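The primary structure of each chain is shown beneath.
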Amino acid sequence: MSSVAVLTQESFAEHRSGLTQQQVKVTALNSEEENDPPTYKEAFPPLPEKAPCLEAAQEPAGPWSKIRPIKASVITQVFHVPLEERKYKDMNQFGEGEQAKICLDIMQKTGAHLELSLAKDQGLSIMVSGKLEAVMKARKEIVARLQTQASATVAIPKEHHRFVIGKNGEKLQDLELKTATKIQIPRPDDSSNQIKITGTKEGIEKARHEILLISAEQDKRAVERLDVEKVYHPFIAGPYNKLVSELMQDTGTRINIPPPSVNKTEIVFTGEKEQLAQAVARVKKIYEEKANSFTVSSVSAPSWLHRFIIGKKGQNLAKITQQMPKVHIEFTEGEDKITLEGPTEDVNVAQEQIEVMVKDLINRMDYAEINVDHKFHRHLIGKNGANINRIKDLYKVSVRIPPDNEKSNLIRIEGDPQGVQQAKKELLELASRMENERTKDLIIEQKFHRTIIGQKGERIREIREKFPEVIINFPDPAHKSDIVQLRGPKNEVEKCTKYMQKMVADLVENSFSISVPIFKQFHKNIIGKGGANIKKIREESNTKIDLPAENSNSETIVITGKRANCEAARHRILAIQKELANITEVEVSIPSRLHNSLIGAKGRFIRSIMEECGGVHIHFPTEGSGSDTVTIRGPAQDVEKAKKQLLHLAEEKQTKSYTVDLRAKPEYHKFLIGKGGGNIRKVRDNTGARIIFPTSEDKDQELITIMGTEEAVKEAQKELEALIKNLDNVVEDSMVVDPKHHRHFVIRRGQVLREIADEYGGVMVSFPRSGTQSDKVTLKGAKDCVEAAKKRIQEIIEDLEAQVTIECTIPQKFHRSIMGPKGSRIQQITRDYGVQIKFPDREENPAPVAEPAVQENGEEGGEGKDGKDADPSSPKKCDIIIISGRREKCEAAKEALQALVPVTIEVEVPFDLHRYIIGQKGSGIRKMMDEFEVNIQVPAPELQSDIITITGLATNLDRAKAGLLERVKELQAEQEDRALRSFKLTVTVDPKYHPKIIGRKGAVITQIRTEHEVNIQFPDKDDESQAQDQITITGYEKNAEAARDAIMKIVSELEQMVSEDVTLDHRVHARIIGARGKAIRKIMDEFKVDIRFPQSGAPDPNCVTVTGLPENVEEAIDHILNLEEEYLADVVDNEAMQVYMKPSSHEESKAPSKGFVVRDAPWATVNNEKAPDMSSSEDFPSFGAQVAPKTLPWGPKR
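Residues numbered from 1 in each chain as written. Predicted model: local features only at pLDDT ≥ 70, side-chain atom pairs only at ≥ 80, totals over all residues. Heavy atoms only, no water.

1. Examining the sheet that holds strand β15 (residues 397-400)
An order of β14-β16-β15 is seen for the three strands of this open sheet, with the pairing classed as antiparallel. The strands lining the two open edges of the sheet, one partner per strand, are β14 (366-371) and β15. Taking each pair of neighbouring strands and ignoring which way they run, the sheet shows an average axis angle of 20 degrees. Looking at chain direction, β14 and strand β16 (residues 410-415) are connected through six bridges and run antiparallel. In the sheet register, isoleucine 370 faces β16, and the bridge partner there is isoleucine 411. Those strands touched by helix α18 (residues 417-435) are β14, β15 and β16, and its axis lies near 10 degrees from that of β14. (Pairing = 2+ DSSP bridges. Helix = DSSP H or I, 4+ residues; strand = E, 2+ residues; numbered from the N terminus. Axes fitted to C-alpha atoms, helices over the stretch in contact; angles between N-to-C directions. Contact = heavy atoms within 4.5 Å.)

2. A word on helix α29 (residues 678-687)
At 3.6 residues per turn, the α-helix brings residues three or four places apart onto the same side. Buried residues of α29: Ile680, Val683, Arg684 and Thr687, and no others. The arc enclosing the buried residues of α29, seen along the axis, measures out at 100 degrees, which places them on a common side. Those residues of α29 that are exposed and aimed more than 90 degrees away from the buried face are Lys682 and Asp685. Once α29 ends, the next one or two residues include glycine 688, with phi positive near 85 degrees. (Buried < 20%, exposed > 50% of the residue type's maximum accessible area, 1.4 Å probe, protein only. Arc of directions from axis to C-beta.)

3. Here's the deal with the pattern of salt bridges
Tallied over the entire structure, the rule returns 25 salt bridges. For glutamate 445, the salt bridge identified is with lysine 447, shortest N-O distance 3.8 Å. A residue is classified by how much of its surface remains accessible, and lysine 447, at 57% relative accessible area, is exposed. One salt bridge connects aspartate 1065 with arginine 1067, and the closest N-O pair in it is separated by 3.0 Å. On the basis of relative accessibility, which here comes to 36%, the residue arginine 1067 falls in the partly exposed class. Within the structure, one salt-bridge network assembled from shared partners comprises Glu369, Arg412 and Glu414. (Salt bridge = Lys/Arg side-chain N within 4 Å of Asp/Glu carboxyl O.)

4. Description of the pairing of strand β7 (residues 194-199)
A one-sided burial pattern is seen for β7, the buried positions being Ile195, Ile197 and Gly199 and the unburied ones Gln194, Lys196 and Thr198. Of the pairings in the sheet, the one linking strand β5 (residues 150-155) to β7 comprises six bridges and is antiparallel in character. Each bridged residue has a counterpart across the sheet, and for alanine 152 the counterpart in β7 is isoleucine 197. Here three bridges tie strand β6 (residues 182-184) to β7, and the two strands are oriented antiparallel to one another. Its bridge partner lying in β7, glutamine 184 is registered against lysine 196.

5. As for the environment of lysine 665
With respect to the helices and strands, lysine 665 occurs in the loop between β26 (658-663) and α28 (666-673). Judged by its relative accessible area of 41%, lysine 665 is partly exposed. Along the chain, lysine 665 and glycine 761 lie 96 residues apart, while their C-alpha atoms are 8.7 Å from each other.

6. Re the packing of α28 against helix α30 (residues 710-728)
Two packed helices can be described by the angle between their axes and the distance between those axes. The geometry of α28 relative to α30 is characterised by a closest axis approach of 11 Å and an angle of 125 degrees between their N-to-C directions. Classified by the angle their axes make, α28 and α30 are oblique. As α28 runs across α30, the sense of the crossing is right-handed. Between α28 and α30, the contacting residues are Tyr668, Phe671 and Leu672 on the first element and Leu720, Leu723, Ile724, Leu727 and Asp728 on the second. By residue class, the composition of the contact of α28 with α30 is seven nonpolar, no polar and one charged. (Parallel < 35°, antiparallel > 145°, perpendicular 65-115°, else oblique. Left-handed = near helix turned anticlockwise from the far one by under 90°. Nonpolar A, V, L, I, M, F, W, Y, C, P; charged D, E, K, R; others polar.)

7. Quick notes on a negative patch on the surface
A cluster of like negative charges, contributed by Glu1060, Asp1061, Asp1100, Glu1111, Glu1114, Glu1115 and Asp1118, occupies part of the molecular surface. Put simply, the parts of the chain that give the negative patch at least two residues each are β41 (1058-1063) and α45 (1110-1139). (Patch = residues over 30% accessible without salt bridge, like charges linked within 9 Å, V, L, I, M, F, W, Y side chains within 5 Å. Areas by Shrake-Rupley, 256 points an atom, 1.4 Å probe, with all protein chains shown as cover. Lys, Arg positive; Asp, Glu negative; His and termini not counted. Charge placed at Lys NZ, Arg CZ, Asp CG, Glu CD.)

Quick look at the structure:
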């Protein structure tokens, strides 16, 4: 009886992969015969009997064996510079300074790679890697720039010089490049036979050897070459070449030993034959003696392990070389061996140590190579090496990514075998992901880049966290580029693009800017106390508002944000200005073609009108708008004046306008204008021409423009030219000024004299030096200016002689508020009244207030340091303010100071309103204090007092009191309204109706609440203490009753409703409900009913409940029964069709697989019932000898 075995599809695939194509076809045909399974031998025919060992032996001799190993194009050489030959010895830190700069320069020039290291003896080791030509060039540069230069001479016969030079000097150039020296050969007409060699000691030796070798070859005497291994050359030469020198002296033979740096083994002997033979014999004897005590050996080690054997900075190798300094260890790039040279015993010990090291590294190290397109390499490395460093640290591996200039795709991973595989997997995944990536360029104006990035990169960090898979690159600001690059998975890049485009659209919308000219004196009112006003405008209008600096002459406030918000903020700022001053706004119609000529170059003409008319603001429409309307805003009187001038100027421009330019020194301008513009107004009134002087912003400070009718301009030009001519006529004059007044003119670094010079055409006023009793003052300048300056000095002297000093007594506690912020109020009074005000020093420890007895009778209050009695009514010294100036001006200034003394009044406000006046965290009272510029003191709650005190300037108190009382009225009205709003009403409704009253997602109850402006509270289901049928309505009585009626109306409708069950075939339920319940919702809305379908697992799956008013329920049932009839016909038709259709492949795939069935399988026999072991080489023998992947010429198999 034959046995039958079952194989799974997986195991069958493994067997099948070993068969020929023909056998596979036979097996496939047989497998279709289900009734008669094939035998195991039919399914898997045995392989023909052949000697496997013979095939295995012959296998390596394939086409690959003929390939010769490719020699590496990159070579590495090590040069050593001893301490005494180093150019740069005194360095604070190795790797810095001039030496490092020279190395970088050499690398850039030659293309070779340099690595420097410092030996224990402070000698410099330089490892140079690169192509042979680059290495040789780099070597020559190193010798020339890093080593101290020496020189030596070598004498050879004159006739041999040409052989050293070679054809076209090629041999000499080659020799210089090879030895890194400079060789100077005497000219043919020079009788000298000395060749000068300049370079390093080592280079000189090499060059000398080569030159002597060339000479020896040309010498007619006998020449013999002896091939001696390089390692024995030092023993033949002896210390400091002593042995070879003695040998040359004894035999009279010239012996040329190649220096250590030349890779030659030949020793050349030149001389007489007999003497030459003696020299050769002695050298051979030395060689034979030493050869027995010296060994050259090699250790087999894969070239990729060499750097691990050397260790970090040569640490591993240093341990061996320190123990055995005579052993020379050489690594050759690209070769799988390490060469050791030295004494036999030391070489054997070193060899053992290296072999142990190699064995250990092979056991615990592995490598893998992967191909990744070089354009993805920098992304694998990551920013500042973040990605690659993470992989290195995580898997403890070394990853070698070729530099960009190599354009190589090969990445090499070395380290622990498991770590290598994990790192390989992750790098391949990263590369695969990058191949599926998409790069998109987004055009964003560069001005928005800084905003998108945010302060310290906060906003871009948020975007990157939101889209972590997308890399966002902004261009360098210096490149002025608008292209922002996004890179990452396609879907994520699209999402990020939409997000950033929306952000840019918001920025564009919010970057609308508008300039509002506001008179400088009102800026502080717009800012408000502590910036309260401007902060509020910014927050409420959601705009950015920039005010000019205090010391700036600009009056323009810039508002940035959305257009509508900017307009709202502008309106509010203008409203503040309008409240504070009698500001009017007038519109004037001037043809748009004249606007540019009226404005003038850089706004010179229009600025002169604005300055002349008290700084009014004149606003022209934007160019190209076609509007003729010009807006003038400012104090009513100044606006009217500006309007007249503007219309007059426009009329002149329309009829006949003439313009002339004059030049005058800038220091003359103030004198020409005159005090308060008197001089220039006089010229203008006489001639009718307009004269425009340059502003501080104009480049040409000498240019004066005259415009008007031709006749008026010429007349004004004539007058001004005469004035300027007089000013150019410099005279010197003097006047007498009493020495007691000199100090007034020269104090504060001569401020008064500077003001006189500015005002009167730069006139120079010289006072005699302090200490001299002279009263003569010299004035030098234009004649008119000197006269005007003399007159002004005389006026000042009259003021000084008429000067008086008066006292103004104000308690010290008010001094700070009188001075104002940064002394602004006092400075204003000083300017307005032309007086000097001096405040007393503050009293550090004022007398205690809590002694009423002393204050009342004054018996002890007057006792000072001297103990004398004082008048109790006399003011304290610290309260007296000194005012100096003309008497009438001093009195006016005193009144102004007293007007600044704060006054306190009391206002009665009901105690229960105090907390509302204060507001949340004091915001209410702070707002009032900022608005009225007063201090409002509310009594402490424990005092239960109704009195609120207001302290401030008398002018502000009435406004503050009115404002406070207005606020009290508002609060009282709110209290009354609150009492009316708190009316409560309770409605009794059966809890079963509550969900219907609430509605879907609270829609019904929300509508009632909003419509009647009431609060409706339903009972808490979890609270048993509450009556579950009570609904509470809170609000105005009228509204609460209306809401109750609305609820009761819903309840009455619900009470009239009926519920009916209808039988609907469950197969049509889904069709009636529709996608996401859309169809059933439409039916419910149309018939105003509620339809409930049975849940899965219900006893009757066909029962559907319809709830609503009787007539609506009947209509809805009829409608859904009609739908059932229609849909059921479709269902029956579909089921009938299914009978004639084959089952889908999807359903077939769900059936359990029988697998592949064979008879007479070896594991199904009586003797052996075990299934074959896949890992067993007996059950599944390999096809020939397996070749280790590491030994393949092209690396491991993919």
